[in-house]
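# Observations on the model geometry
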Amino acid sequence: MRTYRARILSFENPSSPAEYRYMSVDDEGRIVGLSRGKPAITGELVDYSEYLILPGFIDAHIHLPQLHKRAMVSDSLLEWLERYIFPAEMEFSDADFARKVAREFFSTLIRNGTTTAVVYSSPHRGATEVAFEEAMKSGMRTVIGQVLMDMNGPEELLTTPERAASDIRAVASRWHGFDGRLFYAVTPRFAVSCSMELMRTASEVADRMGLYVQTHLSEQMGEIEEVRKLFPWAKSYTDVYHEAGLLGERTVVGHAIHLSDRERAILARTGTKVAHCPSSNFFLHSGVMDLRAHERLGLTVALGSDVGAGPFLSMLEVLRDAYYANAMSPAKAFHLLTMGGARALGMEDRIGSLEVGKEADFVVINPEPLAEAGEDVEVLLSRLMILGDERNVAATYVRGRELWAQHQNERKG
Ligand SMILES: [Zn+2]
């Protein structure tokens, strides 16, 4: 057993964080004690007195092959995809290249305090297998899916419904549920690049194998117009996915910006979750997601970086944009980042907060030079939310295991 001494904050309550001084973690990586006073039995004592410990950050929407295509200014989402993203994803037909980027991708996420990421791979089965292998080695928790498209894209990136089904089955049967840490998400890119047949096939395989589903919904007006032309019978963009059987408890849709209340009600009724990606939405001028409207209808909202349209891997920087998009208290923002992410994945009984019985996924934060650990909690979290970035991350733990620490690097260097 190990006991950590720090200013420990957890955000299961969106209006006021729970606070402790000691957290004990057993050898299986489970939290077995939280207290304000020193516990009688501590095991090894790890002293982070000048630091904060927060629940691990959950990035609910990120694209691995777009790591090096951030900050490519463009006129619209569809132009950005054609000009920068499709060519970038084509390079992932080379498995060695895919492995090099995947390795860098997961280690960078960990350095940023992200303990769980929901990842879009490229449209290649090989690159997706490589992504799972590297995720396994990294120690992170991840949900990964091979991007599916069968129209409106370059030939090299297109699949067929039959090939998509066999790719999903092959990769998911090996990796879905691996070590209780890795999971598969069926990943049609978005309705613009998927036929109804492909989406239906994908949702059937997801249902049969109990997989997650992820896709993009209502990000930009031009995209919505395109969906209207492609699926003229549908009452709305959301209706296209509903008809395809893609919506449900295990589905996370990215963006969900330009929605009617009728569409929000369909998402809520089916239990579909939303990954809100404010940095990406500002970057591509997609619009501002209305958090209150979503919550009024009972939708679960998580936060995503959406790298590469989002420029920041640091979820602290995404928090700042979440605050600019929808005014909220720092405690609420950290709640969305941690509990929101866990709920979106149906993992709230295991991760998302620091509570006895949960798995110990946490981030050690050095609040300096923005604030001191002893600062009033509201001020402390406010500074981190608006000014924080990867420089404030001192160490990252998943299931009680230290995956990375600043001091370790200094020693090595
Ligand atoms: Zn995306």
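Above this note sits the structure.
Residues numbered from 1 in each chain as written. Predicted model: local features only at pLDDT ≥ 70, side-chain atom pairs only at ≥ 80, totals over all residues. Heavy atoms only, no water.

### Regarding the overall build of the protein
- When its secondary structure is counted, the protein shows 14 helices and 16 strands.
- A separation threshold of at least 6 residues defines the contact pool for the protein, and within that pool the share at least 24 residues apart is 75%.
- Carbon together with sulfur atoms contributes 48% to the accessible area of the protein, which is approximately 15,400 Å² in total.
- The average position of the 45 basic charges and that of the 57 acidic charges among the side chains of the protein differ by 3 Å. (Helix = DSSP H or I, 4+ residues; strand = E, 2+ residues; numbered from the N terminus. Contact = heavy atoms within 4.5 Å. Areas by Shrake-Rupley, 256 points an atom, 1.4 Å probe, with all protein chains shown as cover. Lys, Arg positive; Asp, Glu negative; His and termini not counted. Charge placed at Lys NZ, Arg CZ, Asp CG, Glu CD.)

### Side note on the nonpolar core
- Counting residues in hydrophobic clusters, the biggest one holds 110 residues, and the most contacted among them are Leu64, Phe106, Val186, Met199, Phe231, Tyr241 and Phe334.
- Counting residues per element, this core draws most heavily on helix 2 (residues 95–111), which supplies 7 residues.
- Formed by 18 residues, the second largest nonpolar core is a distinct cluster that contains Tyr4, Leu34, Tyr48 and Tyr397. (Core = buried A, V, L, I, M, F, W, Y, C linked by side-chain atoms within 4.5 Å. Buried < 20%, exposed > 50% of the residue type's maximum accessible area, 1.4 Å probe, protein only.)

### With respect to the sheet that holds strand 1 (residues 2–10)
- What the 7 strands build is an open sheet, ordered 3-2-1-4-14-15-16; its pairing is mixed. The sheet is open, and its two borders are formed by strand 3 (31–35) and strand 16 (401–405), each paired with just one other strand. Strand-to-strand twist across the sheet, computed as the mean angle between neighbouring axes with direction ignored, equals 35°.
- Pairing of strand 14 (residues 362–365) with strand 15 (residues 393–398) involves 4 bridges; the strand directions are antiparallel. Its bridge partner lying in strand 15, valine 364 is registered against alanine 395. (Pairing = 2+ DSSP bridges. Axes fitted to C-alpha atoms, helices over the stretch in contact; angles between N-to-C directions.)

### Describing the packing of aromatic side chains
- Applying the stated criterion across every chain yields a total of 14 aromatic pairs.
- Ring geometry for tyrosine 48 and tyrosine 51: centres 5.6 Å apart, planes at 70°, overall edge-to-face.
- Under the relative-accessibility criterion, tyrosine 48 is labelled buried at 8%.
- Judged by its relative accessible area of 26%, tyrosine 51 is partly exposed.
- Both rings, one in phenylalanine 132 and one in tyrosine 184, keep their centres 6.0 Å apart while their planes meet at 10°; by these two values the pair is stacked. Taken together, the residues phenylalanine 132 in helix 3 (residues 125–138) and tyrosine 184 in strand 9 (residues 182–188) connect sequence positions 52 residues apart.
- Classification of tyrosine 184 by relative accessible area gives buried; the value is 0%. (Phe/Tyr/Trp six-rings, centres within 6.5 Å; stacked < 30°, edge-to-face > 60°.)

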